[in-house]
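Read off the chains here:
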Protein chains: 2
Amino acid sequence: MNNINYKLYLVTDRKIIGERDFVWAIEQAILGGATLVQLREKDLSTLQFYNVAKDVKELTSKYNIPLIINDRLDIALAVDADGLHIGQDDMPLEIARKLLGEGKIIGLSTSTIEEAKLAQEQGADYIGVGAVFPTTTKNDADAVSLEQLKEIKETVKIPVVAIGGINEENYKLPMNCGIDGVAVISAILGKSNIKAAAEKFV
Amino acid sequence: MNNINYKLYLVTDRKIIGERDFVWAIEQAILGGATLVQLREKDLSTLQFYNVAKDVKELTSKYNIPLIINDRLDIALAVDADGLHIGQDDMPLEIARKLLGEGKIIGLSTSTIEEAKLAQEQGADYIGVGAVFPTTTKNDADAVSLEQLKEIKETVKIPVVAIGGINEENYKLPMNCGIDGVAVISAILGKSNIKAAAEKFV
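Residue indices follow the written sequence of each chain, beginning from 1 at its first position. To label them, take the chains in the order written and letter them from A, then take the ligands in the order written and number them from 1. Per-residue local features are limited, in this predicted model, to residues with pLDDT of at least 70; the limit for side-chain atom pairs, both in listing and counting, is 80 or more; totals at the level of whole chains, interfaces and linings are taken over all residues. Water and hydrogen atoms play no part in the side-chain values, which are based on all heavy atoms of the structure.

Per an unreviewed UniProt entry, the recorded name for chain A is Thiamine-phosphate synthase, and the organism is Clostridium polyendosporum. UniProt positions are given in the numbering used here, feature names are shortened, and annotations may be inferred rather than shown by experiment. Under the UniProt heading Sequence similarities (unreviewed entry), the note attached to chain A is "Belongs to the thiamine-phosphate synthase family." The Pathway (unreviewed entry) comment attached to chain A in UniProt states, word for word, "Cofactor biosynthesis; thiamine diphosphate biosynthesis; thiamine phosphate from 4-amino-2-methyl-5-diphosphomethylpyrimidine and 4-methyl-5-(2-phosphoethyl)-thiazole: step 1/1."

**Q** Can you help me understand the overall build of chain A in this one?
**A** Across its full length, chain A carries 10 helices and 8 strands. Taking 202 residues into account, the globule formula puts the C-alpha radius of gyration at 17 Å, and chain A, at 15 Å, falls close to it. Principal-axis analysis of the C-alpha atoms gives chain A an extent of 40 × 40 × 30 Å. Buried positions account for 55% of the 202 residues belonging to chain A. By definition, residues are in contact when any of their heavy atoms lie within 4.5 Å. For chain A, the proportion of contacts with a sequence separation of at least 24, taken over those separated by at least 6, is 59%. Summed over all atoms, the accessible surface of chain A reaches about 9,100 Å², with 46% contributed by carbon and sulfur. Here chain A carries 22 positive and 29 negative side-chain charges, and the mean point of each set is 4 Å from the other. By definition, any uninterrupted DSSP run of H or I lasting at least four residues is a helix, any uninterrupted run of E lasting at least two residues is a strand, and each is numbered from the N terminus. Using C-alpha atoms as the atom set, the radius of gyration is obtained and then compared with a globule rule of 2.2 Å times the number of residues to the power 0.38. Exposure categories follow from relative accessible area, calculated using a 1.4 Å probe and restricted to protein chains: below 20% of the type maximum is buried, above 50% is exposed, and the middle band is partly exposed. For the accessible areas, the method is Shrake-Rupley and the probe is 1.4 Å, while residue cover comes only from the protein chains on display. His residues and chain termini do not enter the charge count, which takes Lys and Arg as positive and Asp and Glu as negative. Throughout, a charge is located at the NZ atom of Lys, the CZ atom of Arg, the CG atom of Asp or the CD atom of Glu.

**Q** How should the UniProt feature "binding site: Mg(2+)" (unreviewed entry) in chain A be read in this particular structure?
**A** UniProt marks A:Asp71 and A:Asp90 with the feature "binding site: Mg(2+)" (unreviewed entry), using the numbering shown here. Taking the farthest pair of C-alpha atoms as the criterion, the annotated set spanning 20 residues converges on one region, since that pair is 5.9 Å apart. Looking at the element boundaries, A:Asp71 is found in the loop between β3 (67–70) and α4 (73–78). Among the residues examined, A:Asp71 registers a relative accessible area of 8% and is labelled buried. Beyond its immediate chain neighbours, meaning those up to four positions away, A:Asp71 contacts A:Lys42, A:Leu84, A:His85, A:Asp90, B:Thr46 and B:Arg72. Tracing the backbone shows A:Asp90 in the loop between β4 (83–86) and α5 (93–100). Whenever two N or O atoms come within 3.5 Å, that pair is a polar contact, provided that in protein one can donate a hydrogen and the other can accept it, and provided that, for residues adjacent in sequence, both atoms are side-chain atoms. Polar contacts involving the side chain of A:Asp90 include one to the main-chain amide nitrogen of A:Gly87, which spans 2.6 Å.

**Q** Can you walk me through the relation of the copies chain A and chain B in this structure?
**A** Between the two chain copies there is a screw-like relation: a rotation about an axis and a shift along it. We superpose the copies by least squares over the C-alpha atoms of residues that have a pLDDT of at least 70 in both of them. Relative to chain B, chain A is turned by 180 degrees and slid 0.0 Å along the rotation axis, the superposed coordinates differing by an RMSD of 0.0 Å. Taken together, the rotation angle and the small translation identify this as a two-fold axis. It is A:Asp74 whose C-alpha, among those of chain A, lies nearest the rotation axis, at 2.3 Å. Comparing contact sets, 100% of the residues at the interface of chain A also lie at the interface in chain B, consistent with an isologous, same-surface contact.

**Q** Please clarify how the packing of aromatic side chains should be interpreted in this entry.
**A** The description of an aromatic ring pair uses the distance of the two centres, along with the angle that the planes make with each other. Between 30 and 60 degrees the pair is tilted, below 30 it is stacked and above 60 it is edge-to-face, where a pair is any two Phe, Tyr or Trp rings, Trp via its six-membered ring, whose centres lie within 6.5 Å. One pass over the full model with this rule turns up 6 aromatic pairs over all chains. An angle of 50 degrees between the planes, with centres 5.1 Å apart, marks the rings of A:Tyr171 and A:Phe201 as tilted. Linking A:Tyr171 in the loop between β7 (160–163) and α8 (172–175) with A:Phe201 in the segment after α10 (194–199), this pair joins segments that are 30 residues apart in sequence. Per residue, the accessibility class of A:Tyr171 equals that of A:Phe201, and both read buried. Arranged with centres 4.9 Å apart and planes meeting at 45 degrees, the rings of B:Tyr6 and B:Tyr126 form a pair that is tilted. Taken together, the residues B:Tyr6 in the segment before β1 (8–11) and B:Tyr126 in strand β6 (residues 126–130) connect sequence positions 120 residues apart. One aromatic cluster in this structure is built from A:Tyr6, A:Tyr9 and A:Tyr126. Lying over the aromatic face of A:Phe22, A:Arg14 brings its terminal NZ or CZ to 4.4 Å of the ring centre. Criterion for a charge above a ring: Lys NZ or Arg CZ within 6 Å of the ring centre, and within 35 degrees of the ring normal.

**Q** What exactly am I supposed to notice about the nonpolar core here?
**A** When a protein is soluble and globular, its nonpolar side chains tend to lie buried together. Residues belong to one nonpolar core when they are buried, are Ala, Val, Leu, Ile, Met, Phe, Trp, Tyr or Cys, and are joined through side-chain atoms within 4.5 Å. Counting 126 residues, the largest nonpolar core has A:Ile127 and B:Ile127 as its most contacted members. Residues in contact with B:Ile127, not counting those within four places in the same chain, are B:Leu108, B:Thr110, B:Ala116, B:Ala119, B:Ile152, B:Val156, B:Ile158, B:Pro159, B:Val160 and B:Val161.

**Q** It is not clear to me how the environment of B:Glu121 should be interpreted in this structure. Could you clarify?
**A** All names here are of chain B. Looking at the secondary structure, you find glutamate 121 in helix α6 (residues 113–121). Looking at glutamate 121, the relative accessible area reads 63%, which means it is exposed. Separated by 33 residues in the primary sequence, glutamate 121 and glutamine 88 have C-alpha atoms spaced 15 Å apart.

**Q** Would you mind going over the pattern of salt bridges with me for this structure?
**A** Charged atoms that come close allow side chains of opposite charge to pair. All names here are of chain A. In what follows, salt bridge is the name for a side-chain nitrogen of Lys or Arg lying within 4 Å of a carboxyl oxygen of Asp or Glu. Summed over the entire model, instances satisfying the criterion amount to 22 salt bridges over all chains. Between lysine 42 and aspartate 71 there is a salt bridge, with its nearest N and O atoms 3.3 Å apart. Of this pair, lysine 42 sits in the loop between β2 (36–39) and α3 (46–62) while aspartate 71 is found in the loop between β3 and α4, placing the two residues 29 residues apart along the sequence. The class for lysine 42 is partly exposed, based on a relative accessible area of 46%. Salt-bridge contacts for glutamate 168 lead to lysine 191; the nearest nitrogen and oxygen are separated by 3.4 Å. Placement of the pair is glutamate 168 in the loop between β7 and α8 and lysine 191 in the loop between α9 (186–189) and α10, with a sequence separation of 23 residues. Residue classification places glutamate 168 among the partly exposed positions, given a relative accessible area of 23%.

What follows is the structure, encoded as C-alpha cells:
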C-alpha cells in the first residue's frame, strides 16, 4: 500500500471496549476519523483472534483503511491484513518481511534512536515510538521524551508514529515534533462516545 | 514428507524439562527413540519461540526427524518446520493448509469420531486423539476411552496418535487399539534419564 495515512492510528484493546460490540467500536472510531487500525490481541486463542481479525478486515476494507495485526504474522497472513506491527520481542523483521512480502506494511516498536535506525535499515515501513506519556494499557513500555521523539523523527526517513498515553489534550505536543501520527487506545476506545472522542483528534 | 513414523511422538513441555537444557533434553529423547517432535510453547514471546524453534529445527534435521509446531503457523513458516499441529481452538485447517502448502504435515487434535472424520475430510495428515488417560500437563483435555479410540482408528484412514497420560506402563493399551503411535510428554521429559525413559517405549 502506498500513501498510508498514519495521522490517527487506532490500537485496539478488548478490555477497554468492554461489553460493547468490538467491531462496532472500531467502526465508531473510523467514523470519527481513525486513519488506520492495529488489532492487538494478547489473550485470545488463535481461532478467536482469526475470527475477530476476519470481521475487522471486512470493516476496514469497507472504509478503505489499512488493517495492521500486532505480533501475529499467522493472523496477518490468514486474513490478508495490510500489515504487521512487531515489537522488539516479536518475530525478527527480516523473517516477517520474507513471509509477508514487499507489498505489506511492517511497523516496528522502538524506543531509542539506535532501534529506530536499525528498524529503517532492516526495511521497516514505519516505526512506533513510545511511550511518550505514562500509559495504563502497556506496563512494560519504555519512556521516550519529546526531545528524543523529535531527534528520532529527524534521524529516520520512514514515518514515525508516537504512542503511549496520548489523549485529546496532549496529542499536539508529539505532533509538533514533526511526526506522522499518534497512536491512541484509551482516549478513543475508553470513551462512551467513541466517534466524538476520535473527532477531537482531527 | 512421506512415511512419517508416528510411533513415539514427543510433545515438549518447558516446565517439565525444568532447569535442564531444552535442546539437550529433546536430543536425549531422540537418542532414546522418539520418532517425531512437536514443539509446544504457550508462554514464550514470539521472538523466544522463534529462537527455540530454530534451534530445535537444527537438531531434528540432524537426526532426520520431523518437527511439528503446535498452534503457531507463523513459527512453523519462519523455521520451515515439517508441519503444524492444531487444536480445535487454533487456526482453521483449510487456512493452515493454504498457507503451509501440501508438502507439510498438518495434524489436528480430536476427541470424538465426528471431529476425527471432519479432520480427515478437511485434509489433516494425522489426528491426535485424547486424553486416553488422565493427564497433568493439559487441564482442558477431554477424556476418550480406549473403545472410542479403537472406533476412531477403524473409522479414519489417516494415522492416529493417542495422547494424554501415556507412560511406559500403559502405552500398550492404546497401541493395541491398532493406532499408529503414542504422544508422550511427562513420561519421557519428566524423568531424570530422558534417553532411558524413551527407550522403554521402543
